[in-house]
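Structural characterization, general
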Amino acid sequence: MADTPSRSLPFGSLVTAMVTPFTADGAVDLDTTAALAAKLVDDGCDALVVSGTTGETSTLEDSEKEDLYRVVVETVGDRARVIAGTGTNHTSHSVEMARRAQRAGAHAQLVVTPYYNKPSQSGVVAHFEAIAAATELPIMIYDIPGRSAIPIATETMLRLAENPRIGALKDAKADFAAVTRVLASTDLHVYSGDDGLTLPWMAAGAVGVVSVSAHVATAAFRSLVDAATRGDMVEARRIHFELDPVVRAVMTHIPGAVSTKRILQLTGVLPNAVVRLPLVEPTEAELAPVLADLAEAGWDLAGTGQRA
């Protein structure tokens with residue numbers, strides 16, 4: 001994988017939020033995790049999030065997460081940045097996970113807004129600052145009010161950006177005005193947290209994307225990020241349109257972990273599509289619109305299990 005300026009970023013530029021493979025009986029499958037990590041990096045990813053939302057972090061035990069961090073670092077840590085999903089809604093638990101991630105050799109951590117508790121913005125600041133103080137790992141903040149129930153206010157983000165250990169923002173708020181202000185007023189590396197917003201966010205100055213759909217369209221996302229980085233918006237727009245039905249397939253019908261695992265199973269990358277409750281594998285009716293969107297993109301998974 002040739003080096004480019006985008007690939008020298010401390011958090012990478014094409015970051016796949018990895019699924020967590022399980023065995024048929026629901027145990028974490030470390031061998032398949034290693035193989036998937038290697039494939040994603042071989043195909044163009046320069047960073048991976050391990051045990052994030054798509055990795056079903058909420059149903060993983062702490063020891064399982066640490067094992068996942070370690071095996072991905074051992075497999076691709078010399079070729080890609082390994083970003084450990086450490087955030088929870090319990091600050092001291094997040095601190096413990098940050099320490100486990102550092103012990104496992106992770107290069108950075110992804111920390112989500114504390115969810116469900118609905119803290120004040122002062123509480124949000126205190127939460128992130130406590131985690132930042134606990135280890136030497138740089139932090140990518142994950143702002144996703146659709147899951148956390150609260151947004152990180154722009155003024156709060158500007159304040160957090162002053163912390164030298166907070167270096168990046170994964171923005172999944174879909175607020176272009178807010179992200180523009182962060183880009184204009186801070187040195188944070190900003191990433192689109194919505195696959196379909198990669199192009200507009202990068203046009204404004206974001207450095208890449210933390211993507212779920214990149215599991216199944218790694219090369220196309222690599223080309224999109226590289227085109228946007230070099231300012232070739234004509235090419236970036238062409239790829240953006242090409243990716244639109246793939247993003248719809250992965251992200252809009254069923255949970256991303258569920259759709260991604262099934263697509264990876266159908267294409268022979270994963271041996272199964274096992275997820276942990278409360279997620280369940282899709283019914284045929286639930287899978288139908290996923291396959292229809294992929295067919296629009298030129299994939300014939302229903303017929304052959306391969307891209308057309």
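Everything discussed here concerns the structure shown above.
Anyway, here's the lowdown on the structure attached to this text. (Residues numbered from 1 in each chain as written. Predicted model: local features only at pLDDT ≥ 70, side-chain atom pairs only at ≥ 80, totals over all residues. Heavy atoms only, no water.)

**Side note on the side chain of threonine 86**
With respect to the element layout, threonine 86 can be found in the loop between strand E3 (81-85) and helix H3 (91-104). Residue contacts for threonine 86: discarding those within four places in its chain leaves Tyr69, Ser94, Met97, Ala98, Ala101, Gln109, Leu110 and Val111. (Helix = DSSP H or I, 4+ residues; strand = E, 2+ residues; numbered from the N terminus. Contact = heavy atoms within 4.5 Å.)

**Brief notes about the sheet that holds strand E7 (residues 189-192)**
Around the barrel, eight strands lie side by side as E1-E2-E3-E4-E5-E6-E7-E8; this closed barrel has parallel pairing. If you compare each strand with its neighbour and ignore which way they point, the axes differ by 25° on average. Note that E3 and strand E4 (residues 108-112) share three bridges and pair parallel. Bridging from a neighbouring strand, glycine 85 pairs with leucine 110 of E4. (Pairing = 2+ DSSP bridges. Axes fitted to C-alpha atoms, helices over the stretch in contact; angles between N-to-C directions.)

**Digging into unusual backbone geometry**
Excluding glycine, residues mostly have negative phi values, and the peptide bonds linking residues are mostly trans. That bond from leucine 277 to proline 278 is cis: its omega, 15°, falls within 30 degrees of zero. With respect to the secondary-structure elements, proline 278 resides in the loop between helix H11 (256-266) and helix H12 (284-296). Unlike most non-glycine residues, glutamate 56 shows phi in positive territory, near 60°. Position of glutamate 56 relative to the elements: it lies in the loop between strand E2 (47-50) and helix H2 (62-76). The class for glutamate 56 is buried, based on a relative accessible area of 3%. Residues other than glycine seldom take positive phi values, yet tyrosine 116 does so here, at roughly 70°. With respect to the helices and strands, tyrosine 116 occurs in the loop between E4 and helix H4 (121-134). Assessed through its relative accessible area of 72%, tyrosine 116 is described here as exposed. (Buried < 20%, exposed > 50% of the residue type's maximum accessible area, 1.4 Å probe, protein only.)

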